[in-house]
Amino acid sequence: MQLAHLGHVEASILTKQQSKLLIVEDEALFARAVVRRLQKFGYECAHVESLQDARGIVKQFTPDVVLLDMRLPDGNGLDLLPEFVAKGAVVIVMTAHGEISDAVNAMKQGAVDYLKKPIDLEELLLSIQKAENAAMQSKSLDYSRQRNAHASEGVELLGESPAMQNVKMQIKRIAQLVSNDSVPPTVLIGGETGTGKDVAARSLHLSCANSDKPFVHVDCASLPAELMESELFGHEKGAFTGAVGSRPGLIEAAEDGTLFLDEIGELPLALQAKLLNVLERRVVRRIGSTKERAVPARFIAATNRDLHEMSQNGRFRQDLYYRLNMMSIFMPPLRDRGQDIMLLAKSFAAQTARRYGLSSPHFTREAISTIQTYTWPGNVRELKHQVSRAMLLCHNGELTDIDLALPNTRPAEPIPVLPADSQQSALDAAEKSILLQVLIETKYNVSEAARKLGITRMTMRYRMDKHQIKV
């Protein structure tokens, strides 16, 4: 797909009308990486680098979603926020460390989310999905293609252990419970942190007849307390200071699809009562409105906490707990999944190799023993992180137990154990070696080196400063 140049503007145009995104960002390499990534999902994108260019392009390019940097060469990006909101666009603010309070204020003025730099492209895709879900209630746009891509990307419940077979069987049964005219039962997914509760929720959504509808993921633990009610239930214009327009909440955005309330135990008691009303009556009322809107969605909640105990202690509404726990799924800890551990490890290694253009992974006998004997307190999430990091450190795709750097996993072999600071020094030295190798290969072209490593130029500069690499 070719980029059409409009002065300082880079735009990619699709023959088929899809969601339009405007990226207002002066870091050109990062913006191009975002454009390339979003093009794979069928988005129509435009990129500008200043306030002036942004005001100019909207005369010919009306965005549905705006990715807005706060610091631009000719002023503060937030000066554009009221203009975009007034035009009906949903805005995601991109901010550097130290500007979080400004980003929160931006959300009070109408932005739907904020992301801290350096920004992970996968996190950005999820944020855009949430922005789309908010926009689809106020505009008659067809987002089904993008929603399907986001909902299904990377969603697979790997594992053949008895515990995982039981999870898959439960998901299949729950998905078959609902006919077209009945109300889906609420589902509560429990399990330790990192066991894959979010993957189970997406898998349940994709197993249902309404899998083409939105899947809205709400992380109750990360929503700012002062914005949580507005984010969930929406608001009308003038409902509070900064409410410059009407906006649907995430509950409405779920439409006939699925609302996934992750970390439900973190929801404040006051909002628990409002959520209970939504679950019982299947209607929602925006802040500042007297009108109730139907919510024919499936509700899935997840938690790593004991909601029964919390309800007994008054820290969680008992009636809400019983309402959520109509059907339950328990995600087993990784230590109880036997041979699934190596199956997952090999899958994560292969994913990392594909993403960074590395050699096909091969696990040494010692690495396999290390993986199988470690207790994995962080479960699948920890396994994915450790294996992905080890793939970046290993040589020619041969992943060893040293690359994994897991503690206390080989008691039968009395090998010397480095102190924590020495282990970190070894990892830092390995990272510095990789950076230097790629810089030499690219003749110290920082931008090209960043592209080869699959990171942004900003992240590359941060790593170089950390290791005192001068160009």
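Every chain's residues receive numbers from 1 upward, in the order its sequence appears when written. Reporting in this predicted model follows two pLDDT cut-offs: at least 70 for local features of residues, and 80 or more for side-chain atom pairs to be given and counted; totals over whole chains, interfaces and linings ignore these cut-offs and use all residues. With hydrogens and water excluded, all non-hydrogen atoms of the structure serve as input to the side-chain values.

Caption draft 1: Local environment of the sheet that holds strand E17 (residues 298–303). Strand order in the open sheet formed by 5 strands is E11-E14-E17-E10-E18, and the pairing between neighbours is parallel. Looking along the sheet, the strands with just one partner apiece sit at the ends: strand E11 (215–219) and strand E18 (327–330). Each neighbouring strand pair of the sheet contributes to a mean axis angle of 20 degrees, computed without reference to strand direction. Strands were regarded as paired on the criterion that DSSP finds at least two bridges between them. Numbering of helices and strands starts at the N terminus; helices are DSSP runs of H or I of at least 4 residues and strands are runs of E of at least 2. Pairing between strand E14 (residues 258–262) and E17: 4 bridges, direction parallel. Within the sheet, the bridge partner assigned to phenylalanine 260 lies in E17 and is isoleucine 300. Note on definitions: angles span 0 to 180 degrees between N-to-C directions of axes, and those axes are lines fitted to C-alpha atoms, for helices only across the stretch in contact.

Caption draft 2: Summary view of the environment of glycine 190. Here glycine 190 lies in strand E10 (residues 187–190). Residue glycine 190 is classed as buried on the basis of its relative accessible area, which comes to 17%. Separated by 117 residues in the primary sequence, glycine 190 and leucine 307 have C-alpha atoms spaced 9.5 Å apart. The classification of residues rests on relative accessible area computed with a 1.4 Å probe and restricted to protein chains. Under 20% of the type maximum is buried, over 50% is exposed, and intermediate values are partly exposed.

Caption draft 3: Region of interest: the side chain of aspartate 69. Here aspartate 69 is to be found in strand E5 (residues 65–69). Using a relative accessible area of 4% as the deciding quantity, one classes aspartate 69 as buried. The contact definition used throughout considers only heavy atoms, calling two residues in contact when any of these lie within 4.5 Å. With residues near it in sequence (within four places) discarded, aspartate 69 still touches Val24, Glu25, Asp26, Gly77, Met94 and Lys117.

Caption draft 4: Focus on the pairing of E17. Counting buried residues in E17 gives 6 out of 6 residues, a clear majority hidden from the surface. Of the two faces of E17, the one carrying Arg298, Ile300 and Ala302 and the one carrying Phe299, Ala301 and Thr303 are both buried.

Caption draft 5: Quick peek at the confidence of the model for the protein. Looking at any residue, its pLDDT shows the predictor's confidence there, from 0 to 100. On average, residues of the protein score 80 in pLDDT, and 83% of them reach the 70 mark or higher. When the criterion is pLDDT under 50, residues 137–153 qualifies, and its contacts beyond four places in sequence or with other chains add up to 48 contacts. Confidence drops under pLDDT 50 across residues 409–418; counting only partners more than four residues distant or on other chains, this segment forms 9 contacts.

Caption draft 6: Up close: the packing of aromatic side chains. For Phe, Tyr and Trp, rings pair up if their centres lie within 6.5 Å, where Trp contributes its six-membered ring, and each pair is then called stacked (planes under 30 degrees apart), edge-to-face (over 60) or tilted (otherwise). Scanning the model with the defined rule gives 3 aromatic pairs in all. Taking 5.5 Å as the distance between ring centres and 50 degrees as the angle between the ring planes, the aromatic pair formed by tyrosine 321 and tyrosine 322 counts as tilted. Where tyrosine 374 meets tryptophan 376, the ring centres are 4.6 Å apart and the plane angle is 85 degrees; that geometry is what we call edge-to-face. Residue tyrosine 374 is classed as buried on the basis of its relative accessible area of 13%. In this analysis the charged atom, NZ for Lys or CZ for Arg, is taken to sit over a ring once it is within 6 Å of the ring centre and within 35 degrees of the ring normal. Geometry around phenylalanine 61 places lysine 20 over its ring, the cationic atom sitting 5.7 Å from the centre. For the cation-ring pair, lysine 274 lies above phenylalanine 233, with the distance from its terminal atom to the ring centre recorded as 4.4 Å.

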